[in-house]
Every structure is written in C-alpha cells, then in structure tokens.
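This is what each chain is made of:
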Amino acid sequence: MGYAVPNQIGRGIHMRLHARAFTISDGDKSIAFVSLDGGMGSDVLTKNVLTNVAEQLGDDSIYTYDNVGISGTHTHSGPAGFLQYILYQFTSLGYVQETMDAFVTGISNAIVEAHNNMQENVDITYSTGNQLFESNINRSPTSYLLNPADERSQYPDGDTDKNMLLLKFATPDADIAMLNWYAVHGTSLNNTNKLISGDNKGLASYFFEKEMNGAAALPGTGKFVAAFASTNLGDVSPNTAGAKCIDTGLPCDTEKSTCGGKNEMCIAFGPGTNGDMFESVKIIAENQYKHAKDLYASAKSPIAGPVDYRHTFLNMNNLPVTLEDGSTSTTCTAALGYAFAAGTTDGPGMFDFTQGTNSSSPFWNIVSGFLSKPTDEEKACQSPKPILLNTGDCEKPYAWDPASIPISIQRVGNLFILNVPGELTTMAGRRMRAQITKVLEEGGVEDPIVTIAGLSNTYTHYITTFEEYQAQRYEAASTLYGPHTLTAYMQEMTRIAKDMLEGRESTSSEAPEDLTASQIEFVPPVIEDFVGIGNHFGDVEEDAAEQYTGTDVIRVSFKASNPRNDQRLGGTFGRVEKKGDDGEYTVVFNDGDWCTKFEWKGGVGHFGKSTATIEWDVKESWGGAESGVYRICYGGEAKEITGMKKFEGCSRDFTVAA
Ligand code: ZN
C-alpha cells in the first residue's frame, strides 16, 4: 500500500516480502497464524487463501475463517490492490489482480508447508524479558495524555509499549521457529522509497533467519522461520528522532503537527545519520533482532494446554454498545475525519486530493461522485469528528470500506492471540489486553498471556480510546466507527472469549461479500517489451569494474523487461555469484538480500524499453563478504509479439578484496 502517495510507484526490490506461517495443533483442534510482510490483512485475501489451501490439502484441509489469522506487519513499502474496498484503492487506481495472485500464492504455500511439516514433541516456551528502548516513539503524544491520569500511571513505560512477547518453538533435537510481537510502525522507509521492502520487521526477520539458517541459506530458504509480527502500533512510530519542520529545523506545532500551518513540512526522522532512511531501517531492525535473540536464549516458561479458537463477523455499522457506566450507545456508520487527509508525521498530507473534485486520478474522478453527504444523525454519532469521507453509506461502484468485520481469538494453552482488523493505539491495546486478561482469569485460566495481532484478516484503519478520539488527530480521524469503536471491539472480544471458556459456539454476522467481480482496475497491463534492433534482453549496459574493495557499492545495469511479466515468486531477478576454484559459480546473494537492490527503469514514456540495475553493497553482506572472484547476473521474462521469452545475462568477472 505504500503511504498512499499517488506517485510512490514501485521501481524494484530491496528485500522480498514473505509470509511466515505457524500451524499449531493439539491433535484435536488446530490454528494457523500468518505474519505477512504486507500493509495489512484483507478479507477477500483470506477467503482466496482458504480456497487455495483447501485445493492443495484436499481432505486434510482443516483451515477456515474460524482458525486462521493473517496479520500484516504493516510495512509501508509493499504493493497495493489486494483489498476489495474503494477506500484502500485510491493510489493503486483500483484493485490489482497481480498483487492478489502473488499474495494468495505466497500465503497459501506458507500455510501448506507449515501444515505438512508439523512435528510432534514441539516445546513452545515464551519470554517477555526487559524493555526494548530507543526503538519506538509515540507520534500523537498529546492525544495519549488525554487518557485518565490514574490509567496512565499503571504503565511506567509511558506512551509506548516497550515490551516484546516472544515465543520459541523447538523439538528436543532442533530449534524450529520464533514468533514475537513488538509495537512499532513499518515506516522506517519513508514515502520517497520505491523499492519493495519488509521495512524494519522484515529486516529483523531476515537477520534472525540468517543467524539461524546460516549465511549460505538464501532469503526464504532454510528450515528456521522467524516472524516479527505487528501488534498495537497505531500511534507508534520507529522515527525516534521525532518530528521537525523540514524548512526551518524547528519543532512542529505539537497539537496539529504542522509548520506554518502546513502538515507536509512536519516530518519525523529515524535514528539514521542525517535522516538516512536505509540506516534508520537497519538500526530499528537490529534493535528488535538483538532483543529477540536475548529473549529467545532466555525463553524457558512453557506454554502448554489445549488449542482452541473463536471467530465472529461483526456488523460494525450501528452495533449496540454498553458503556462502562451501564448506559447504551452504538457505533456509527463508517466515516473518515478531516485529519485523515493530513496524514501523520511519518508520511504527511497525501490525501489532500480527496478534498478537490477534479484530480489527476482517473479512479478518484470516477468514484468521488458516489460519495454521500452525512445525515445529521451520522454527524452527531461521529462527533467531534468532522466528516471528510462518509464512506459507510457508499455502496457504489462497490463498498468503500468493510461493514462485516472479522475478529478472533486463537488459543494455545495459556497464550491467547487476539486478531484485530485494525491499528489499536498504545492505550487502546493496553485496555483490550487488560480486559481480556481479567475475563480469562475470572474464567479460571491461570496466568493467561494475551497478545494482540494487529491488522488481521481485514483493515478498518485505526482504533483509538474514547478520550484520544476527542482530539481528532490522524489516528482518531481514522477511527472509522465513531467514539465507541474500541468499546465495541472490546465488548465483542469479551463475548467470544467467554464463549470459548464456556464451550459455546459464537454467533456471527454473515461473512463479507466477495466483490471481486465488480472491481475496477486501472493499472495498465504490460503491452510489450522492446530491446532495440541488434540488442538482446539481458545484455550488459554498464558493466562492473575489474576490482573492488570491501567498502564498494557495485552496480551493473542490463537491458531489461518489465518485472511484472513474472514476479519470480520464490525466485529472483538479480544474483551475486561467487566463482569457485573449479570455475563453477554459486549464488551467494539474490534480490531478497539486504545487501542488494534491484532497480528498474521503464514503463510510461519508455516505449517498452527498460533498464535493470543490480546493486551489491559489499559491506552490508550478511556475515561479511569473502575476498574472491564474483559476477552479477540478471534474468527476467520479456513479453514479445511471439510470446513470453525467458532470458539471462551476467557481468564480467570481477575481484573483491574484502
Ligand atoms: Zn498505520
């Protein structure tokens, strides 16, 4: 989804995205939990994954809406187009079948692989350990301060959670996997980045998996899986240097995050030198990775007991809510407030075009005419939110946002994973965890461990507390269903928790409608690749030099084709190969590695011609690069009149004296 900036169009790959699946069974019941390097979960994505998994597993398939949680890591450097609602399709100009297909394939294969590799005698242990500091910061601290003082005083960590909950999976013979939750946004790479990346969580996973699988295991291969999953990260930024005015260097207005009235000038920076975003993503990833390593080494407390789950679809438009004082109210039909258009200090001001009637977006020009005006009743319900986009009433050309919302609980012994389809703020998450913990304890569960899996199974934007809602900063303006949104989620989560404890089925609304058939798609197809007479796809345009040192960045460019012709799932466009004594080449890095970048130049205005540059930053090589003879290769699929043609090309051999 990127940052929903119209001109943030993908231009290559820094790191490939992965789906990391965990299937857990007690012999009777089973669950599957997936941490997806993606913006968020999506209901139609889950549906398509379930269909695909059922096809692959046949009679063995035990996976349904009820026991599967797909939680997005919330990287802002992933593709868009895999959600079926208008609101999430502005900047991808509609639905993108290519993204959907890639996500379905990747996630389904991950679940099937996990299922087929399930082992007996796996010990699950956990650790929470000490706090992890200097890795997250609250980006709406003035809203947090609106929460009651006595509630805030219960949390010495302050306005962000500093604890990581980590699970270790091991048999007596081998370590199998690691899964953890730590609250921080996937926004270390800012909206100028055009390369696919898992951001800080994807990179932390990469480091942990390299460590456990060995340097020779290419990304996505090797037996050990390490997932850094998302949780209540709603108001939590990795940009720990905070926000400042980029024109004057002075602090922004604290209430409004503006500079001279302009939100686009107030931008937050990570810990990287001079705001270097690649250095920032590495620092925040390394912090999480090193902390996880410590927790992994100390994970001794066992998780044991039954596997169970409860799932329900909620109709979130006008859901009756009982408030704390016993009075009743309802949620509202979905709507976004004005501050939504302003964005956050992690990526400000991108929806300004929604306020104009005529924009350069063909998609917006078509759908904006269907926006409805809020009724007085709707305005009162959402108050004090001033309504910018009254999405809940819009059904044309198809629904603007989800009305039937999945929530679920996955139980493994005394561990309870709450799958919530949105971004809970720090305090909203604390409130939900505290309430469900109390319900479980009252229901007889000893020492329950409750964690929130964020952005699971669909996307409903943000979930703030009632108090934070009053300030109407970005997170509150994006709390779709009004001031009692959190209370509604907590009430319904409590209901299904009690159902689970008491062995009852949970009642549910209908599953969301599959709107695939009516989706609008404006991203043009690849027409044809053209290389020029006398040239060949894969020809080297700019070759490597003969010699490099360990601090060089090596770039080789090739005559290329559009990478959309075949995304090479599980494969690679670029390779760094090392020459052995026998003259044979071995792939040591590919386009999924941190030390490489695959950049593509082409598309509109290039008349089918394109260039691919494969870059290897030698000093960033995992474990350090060895001295020796190397070459850089690139391969793709070219779309020609005669059909699709596979091609390859390699640079000259070069020496690296590391
Ligand atoms: Zn977010």
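The rules we used
- Residues numbered from 1 in each chain as written.
- Predicted model: local features only at pLDDT ≥ 70, side-chain atom pairs only at ≥ 80, totals over all residues.
- Heavy atoms only, no water.
- Donors = N, O, S within 2.8 Å, 3.2 Å for Na, K, Ca; no water.
- Helix = DSSP H or I, 4+ residues; strand = E, 2+ residues; numbered from the N terminus.
- Buried < 20%, exposed > 50% of the residue type's maximum accessible area, 1.4 Å probe, protein only.
- 1 Å grid on protein atoms, 1.4 Å probe; cavity = no way out; pocket = protein on both sides within 12 Å on 5 of 7 lines; lining within 4 Å.
- Points joined across faces, edges and corners; volume = space filled by probe spheres on them.
- Nonpolar A, V, L, I, M, F, W, Y, C, P; charged D, E, K, R; others polar.
- Disulfide = S-S within 2.5 Å.
- Expected span 1.5 Å × (residues − 1).
- Contact = heavy atoms within 4.5 Å.
- Axes fitted to C-alpha atoms, helices over the stretch in contact; angles between N-to-C directions.
- Parallel < 35°, antiparallel > 145°, perpendicular 65-115°, else oblique.
- Left-handed = near helix turned anticlockwise from the far one by under 90°.
- Patch = residues over 30% accessible without salt bridge, like charges linked within 9 Å, V, L, I, M, F, W, Y side chains within 5 Å.
- Areas by Shrake-Rupley, 256 points an atom, 1.4 Å probe, with all protein chains shown as cover.
- Salt bridge = Lys/Arg side-chain N within 4 Å of Asp/Glu carboxyl O.
- Domains from an automatic or database assignment.
- Buried area = accessible area lost by both parts, 1.4 Å probe.
- Polar contact = N/O pair within 3.5 Å; in protein donor to acceptor, adjacent residues only side chain to side chain.
- Phe/Tyr/Trp six-rings, centres within 6.5 Å; stacked < 30°, edge-to-face > 60°.
- Lys NZ or Arg CZ within 6 Å of the ring centre and 35° of its normal.

Time to look at the coordination of the zinc ion. The protein atoms that coordinate the zinc ion are His 74 (NE2), His 185 (NE2), Glu 423 (OE), Glu 423 (OE) and Tyr 462 (OH), at distances spanning 2.0 to 2.7 Å. Ordering the donors of the zinc ion by residue number gives the pattern H-x110-H-x237-E-x38-Y. Here His 74 is found in the loop between strand 4 (68–72) and helix 2 (97–116), whereas its partner Glu 423 is found in strand 23 (residues 423–424), with 349 residues between them in sequence. For the residue pair His 74 and Glu 423, the accessibility class agrees, reading buried in each case.

Next up on the list: empty space enclosed by the protein. Summed over all chains, the structure comprises five cavities of 30 Å³ or more. Of the volumes computed, that of the second largest cavity is approximately 130 Å³. As for the second largest cavity, its lining consists of 18 residues, and the residues nearest its centre are Arg 20, Tyr 206, Glu 209, Pro 219 and Gly 220. With five residues, the single largest contributor to the lining of the second largest cavity is helix 5 (residues 199–213). Taken together, the residues that form the lining of the second largest cavity break down as five nonpolar, eight polar and five charged.

Here the focus is the state of the cysteines. On inspection of all chains with the given rule, the structure shows four disulfides. Note on cysteine connectivity: Cys 245 is disulfide-linked to Cys 259, with sulfurs 2.1 Å apart. Here the disulfide of Cys 245 and Cys 259 is left-handed, its torsion about the S-S bond being about -95°. Taken together, the positions of Cys 245 in strand 11 (residues 242–245) and Cys 259 in the loop between strand 11 and strand 12 (266–269) put the pair 14 residues apart, joining distant regions of the chain. Here Cys 245 matches Cys 259 in class, with each residue buried. Between Cys 332 and Cys 381 runs a disulfide, and the two sulfur atoms are separated by 2.1 Å. Disulfide Cys 332-Cys 381: torsion about the S-S bond near -90°, hence left-handed.

Its 22 residues place the ends of helix 6 (residues 277–298) 32 Å apart at the C-alpha level, agreeing with the 32 Å of an ideal helix rising 1.5 Å per residue. Among all positions in helix 6, only Met 277, Ser 280, Val 281, Ile 284, Ala 285, Gln 288, Tyr 289, His 291, Ala 292, Leu 295 and Tyr 296 are buried. The inward-facing, buried residues of helix 6 contact strand 5 (123–127), strand 7 (165–170), strand 8 (175–181), helix 5 and strand 9 (225–229).

What follows deals with the packing of helix 1 (residues 43–57) against helix 2. Following both chains from N to C, one finds helix 1 and helix 2 inclined at 50°, their axes separated by 9 Å at the closest point. Considering their axes alone, helix 1 and helix 2 lie oblique with respect to each other. The handedness of the crossing between helix 1 and helix 2 comes out as right-handed. Along its contact with helix 1, which presents Val 44, Leu 45, Asn 48, Val 49, Asn 52, Val 53, Gln 56 and Leu 57, the element helix 2 presents Met 100, Phe 103, Val 104, Ile 107, Ser 108, Asn 109, Ile 111, Val 112, His 115 and Asn 116. Here the contact of helix 1 with helix 2 is built from residues that sort into eleven nonpolar, seven polar and no charged.

Once that is clear, we can look at the layout of surface pockets. Here the second largest pocket defines a volume of roughly 790 Å³. As for the second largest pocket, its lining consists of 20 residues, and the residues nearest its centre are Glu 324, Arg 431, Gln 435, Thr 487 and Met 490. Mapped by element, the contributors of at least two residues to the lining of the second largest pocket are helix 4 (149–152), helix 10 (426–442), helix 11 (466–469) and helix 13 (485–501). Per-class residue counts for the lining of the second largest pocket are seven nonpolar, six polar and seven charged.

A cluster of nonpolar side chains, Ile 366, Phe 370 and Phe 522, forms an exposed patch at the surface whose accessible area comes to about 240 Å². With respect to the secondary-structure elements, Ile 366 resides in helix 8 (residues 362–367). Judged by its relative accessible area of 40%, Ile 366 is partly exposed.

What follows is about the domain arrangement of the chain. What the domain assignment reports for the chain is domain 1 (12–314 + 401–502) and domain 2 (540–657). Averaged C-alpha coordinates put domain 1 and domain 2 at centres separated by 32 Å. Of the residues lining the interface, 21 residues belong to domain 1; the matching set on domain 2 comes to 22 residues. Across the domain 1/domain 2 interface, buried area totals approximately 2000 Å², and carbon plus sulfur atoms make up 57% of it. Summed over the three residues of domain 1 that lose the most area to domain 2, namely His 14, Arg 16 and Glu 98, the buried surface amounts to 31% of that side. Applying the counting rule to domain 1 against domain 2 returns four salt bridges. For Arg 564, the salt bridge identified is with Glu 98, shortest N-O distance 2.8 Å. On inspection of domain 1 and its partner domain 2, the count reaches nine residue pairs in polar contact (both at pLDDT 80 or more). Those elements that provide at least two residues to the side of domain 1 that touches domain 2 are strand 1 (12–13), helix 2, helix 5 and helix 6.

Before going further, it helps to examine the packing of aromatic side chains. If you walk through the whole model with that rule in mind, you get 27 aromatic pairs. Here Tyr 65 and Phe 313 contribute two aromatic rings whose centre-to-centre distance is 5.1 Å and whose plane-to-plane angle is 85°, an arrangement assigned as edge-to-face. Taken together, the residues span a long stretch of sequence, with Tyr 65 in the loop between helix 1 and strand 4 and Phe 313 in strand 14 (residues 307–315) at a distance of 248 residues. Directly above the ring of Tyr 296 sits Lys 168, whose terminal nitrogen or CZ lies 4.8 Å from the centroid. Directly above the aromatic system of Tyr 585 lies the positively charged group of Arg 631, at a separation of 3.6 Å from the ring centroid.

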